[in-house]
Amino acid sequence: MPRLNLNDLALFVAVARARSFTKAGAQLGVSQSALSHAMRGLEERLGVRLLARSTRSVSPTEAGERLLRSLAPRLEEIEMEVASIVISRDQPSGTIRLSAPEHAARTIVYAAVARVVSEYPDICVEVSVDHALIDIVADRFDAGIRLGDQVASDMIAVPIAPGLRMAVVGTRSYFAAHPEPQTPSDLARHNCITLRLPTYGNLLPWEFQKGGKEVSISAEGQLIFNTNSLGLQAVMGGLGLGYCPEDEVEEEIVTGRLIRVLEDWCPIWPGYHLYYPSRRQQTPAFALLIDALRYRK
């Protein structure tokens with residue numbers, strides 16, 4: 001079977017329909033001689049005469065008619081599919097898959113996603129809430145969201161939030177029975193409510209910094225969760241101390257429902273970033289989501 005050029009087949013359809021090299025050439029912006037040369041070459045490769053030529057007209061042969069009936073609808077389908085791709089470029093659509101930790105998903109991602117899907121009904125966003133440091137390429141996510149210092153150097157990172165500060169908190173009832181810690185090392189004598197991380201199965205370390213000194217505490221206690229919301233619920237119930245994002249407990253601290261300790265040991269860490277592979281070809285839908293999430297001071 002000879003190797004065929006799709007462009008030559010499209011030219012054949014145009015000539016066979018117009019029954020004229022001149023008319024087909026005008027429609028396509030191709031010279032009559034170029035069309036004639038292309039058709040002769042096609043016929044030679046196929047070993048079949050497709051067009052009957054005279055000084056006044058051109059018409060398909062029996063073989064040409066059969067090829068025209070089979071080929072024309074298929075070329076139209078290809079043209080329609082290409083057109084739909086071009087339209088989708090200008091009318092954002094498609095599915096975007098994101099991986100994000102619980103806190104970022106609840107406080108940042110949801111609001112941005114809600115705006116995008118409300119304005120663009122052909123966009124679908126799937127958010128997978130997970131504390132694991134997954135490989136977004138291997139797991140077929142379009143992007144991930146993590147703290148700035150957790151993003152690999154070979155990824156494009158877009159800041160989506162200001163710096164993150166943690167807070168160590170407990171209820172008045174808890175501190176009525178336990179002295180307030182003065183340094184991170186004092187946490188060893190406290191019931192700390194901890195978070196289990198799925199990547200390696202370890203507990204989230206409680207990180208502190210003061211006067212240029214960094215301290216990482218392996219906090220321990222009676223309760224371990226794999227979700228922030230349950231951990232905060234346990235803290236509010238007076239069951240122990242929590243290590244929470246400051247914005248999650250700010251209102252409770254202001255109202256006195258929670259007491260904050262070790263505040264001078266809690267610095268501002270790099271905030272959340274959206275990250276994705278540098279080689280990724282951005283779709284209009286993905287570009288919209290990036291813009292919706294981007295942090296603007």
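Residues numbered from 1 in each chain as written. Predicted model: local features only at pLDDT ≥ 70, side-chain atom pairs only at ≥ 80, totals over all residues. Heavy atoms only, no water.

What follows concerns the sheet that holds strand β3 (residues 94-100). Across the sheet, which stays open at both edges, the five strands sit in the order β4-β3-β5-β15-β6 with mixed pairing between neighbours. The open sheet has two edge strands, β4 (123-129) and β6 (155-159), and neither has a second partner. Ignoring which end each strand starts from, the neighbouring axes of this sheet average 25° apart. As judged from the five bridges shared by β6 and strand β15 (residues 272-277), these two strands associate in the antiparallel manner. (Pairing = 2+ DSSP bridges. Helix = DSSP H or I, 4+ residues; strand = E, 2+ residues; numbered from the N terminus. Axes fitted to C-alpha atoms, helices over the stretch in contact; angles between N-to-C directions.)

Now for unusual backbone geometry. Trans peptide bonds make up most of the peptide bonds, and negative phi angles are found at most residues other than glycine. Non-glycine residue Arg 19 carries a positive phi angle of around 55°. Positive phi outside glycine occurs at Leu 262, with the angle close to 55°. Looking at where Leu 262 falls in the secondary structure, it is placed in the loop between β13 (259-261) and β14 (268-269). A residue is classified by how much of its surface remains accessible, and Leu 262, at 6% relative accessible area, is buried. (Buried < 20%, exposed > 50% of the residue type's maximum accessible area, 1.4 Å probe, protein only.)

To continue, consider helix α5 (residues 102-119). Taking 1.5 Å as the rise per residue, α5 with 18 residues should run 26 Å; its terminal C-alpha atoms sit 25 Å apart, in good agreement. Of all the bends found along α5, the most pronounced is centred on Val 109 and spans about 50°. (Expected span 1.5 Å × (residues − 1). Bend = angle between axes of the 7 residues up to and from the residue.)

Here Thr 227 lies in the loop between β11 (224-225) and α7 (228-236). For the pair formed by Thr 227 and Val 129, sequence separation is 98 residues and the distance between their alpha carbons is 9.8 Å. Beyond its immediate stretch of four places on either side in the chain, Thr 227 contacts Glu 102 and Leu 195. Here the side chain of Thr 227 touches Glu 102 through a polar contact of 2.9 Å, side chain to side chain. (Contact = heavy atoms within 4.5 Å. Polar contact = N/O pair within 3.5 Å; in protein donor to acceptor, adjacent residues only side chain to side chain.)

It is at 10 Å that the axes of helix α1 (residues 6-18) and helix α3 (residues 32-46) come closest, and there the two elements cross at 115°. By the criterion of interaxial angle, the relationship of α1 to α3 is roughly perpendicular. Crossing geometry of α1 relative to α3 is assigned as left-handed. Counting all contacts with α1, which are made through Asp 8, Leu 9, Leu 11, Phe 12 and Val 15, the residues of α3 involved are Leu 35, Ala 38, Met 39, Leu 42 and Arg 45. The residue makeup of the contact of α1 with α3, split by class, is eight nonpolar, no polar and two charged. (Parallel < 35°, antiparallel > 145°, perpendicular 65-115°, else oblique. Left-handed = near helix turned anticlockwise from the far one by under 90°. Nonpolar A, V, L, I, M, F, W, Y, C, P; charged D, E, K, R; others polar.)

On to the nonpolar core. Grouped together as the largest cluster of nonpolar side chains are 46 residues, with contacts concentrated most on Val 168, Leu 187, Trp 206, Phe 208, Tyr 272 and Leu 274. Ranked by residues supplied to this core, first place goes to α5 with seven residues. Residues Phe 12, Val 13, Phe 21 and Met 39 belong to the second largest nonpolar core, which totals 21 residues. (Core = buried A, V, L, I, M, F, W, Y, C linked by side-chain atoms within 4.5 Å.)

Our next topic: the side chain of His 273. Structurally, His 273 can be placed in strand β15. Polar contacts involving the side chain of His 273 include one to the main-chain carbonyl oxygen of Gly 271, which spans 2.9 Å. Those residues in contact with His 273, other than ones at most four positions away along the chain, are Gly 144, Ile 145, Arg 146, Gly 148, Val 151, Ala 157, Val 158, Pro 159 and Ile 160.

Okay, the pattern of salt bridges next. Under the counting rule described, the total for this entry stands at 13 salt bridges. Here Asp 8 makes a salt bridge to Arg 45, at a shortest N to O gap of 2.6 Å. Here Arg 45 lies in helix α3 and Asp 8 lies in helix α1, a separation of 37 residues in the sequence. Taking the shortest distance from any N to any O, the salt bridge between Arg 165 and Glu 246 comes out at 3.4 Å. Highlighted residues: Arg 165 in strand β7 (residues 164-170) and Glu 246 in helix α8 (residues 246-255), separated in sequence by 81 residues. Overlapping salt bridges bring together Arg 165, Glu 246, Arg 260 and Glu 263 as one network. (Salt bridge = Lys/Arg side-chain N within 4 Å of Asp/Glu carboxyl O.)

With 15 residues, α3 should cover 21 Å at 1.5 Å per step; its first-to-last C-alpha distance of 21 Å lies within 8% of that length. Where α3 terminates, the next one or two residues include Gly 47, which has phi positive at roughly 70°.

Given two aromatic rings, one states the distance between the centres and the angle between the planes to describe the pair. Tallied over the entire structure, the rule returns four aromatic pairs. Centre to centre, the rings of Tyr 174 and Phe 175 are 5.5 Å apart; their planes meet at 80°, and the pair counts as edge-to-face. Ring centres 5.1 Å apart and planes at 90° place the aromatic pair Tyr 276 and Phe 286 in the edge-to-face group. With a gap of ten residues between them, Tyr 276 in strand β15 and Phe 286 in helix α9 (residues 284-293) connect regions that are remote in the sequence. When sorted by exposure, Tyr 276 lands in the same class as Phe 286, which is buried. (Phe/Tyr/Trp six-rings, centres within 6.5 Å; stacked < 30°, edge-to-face > 60°.)

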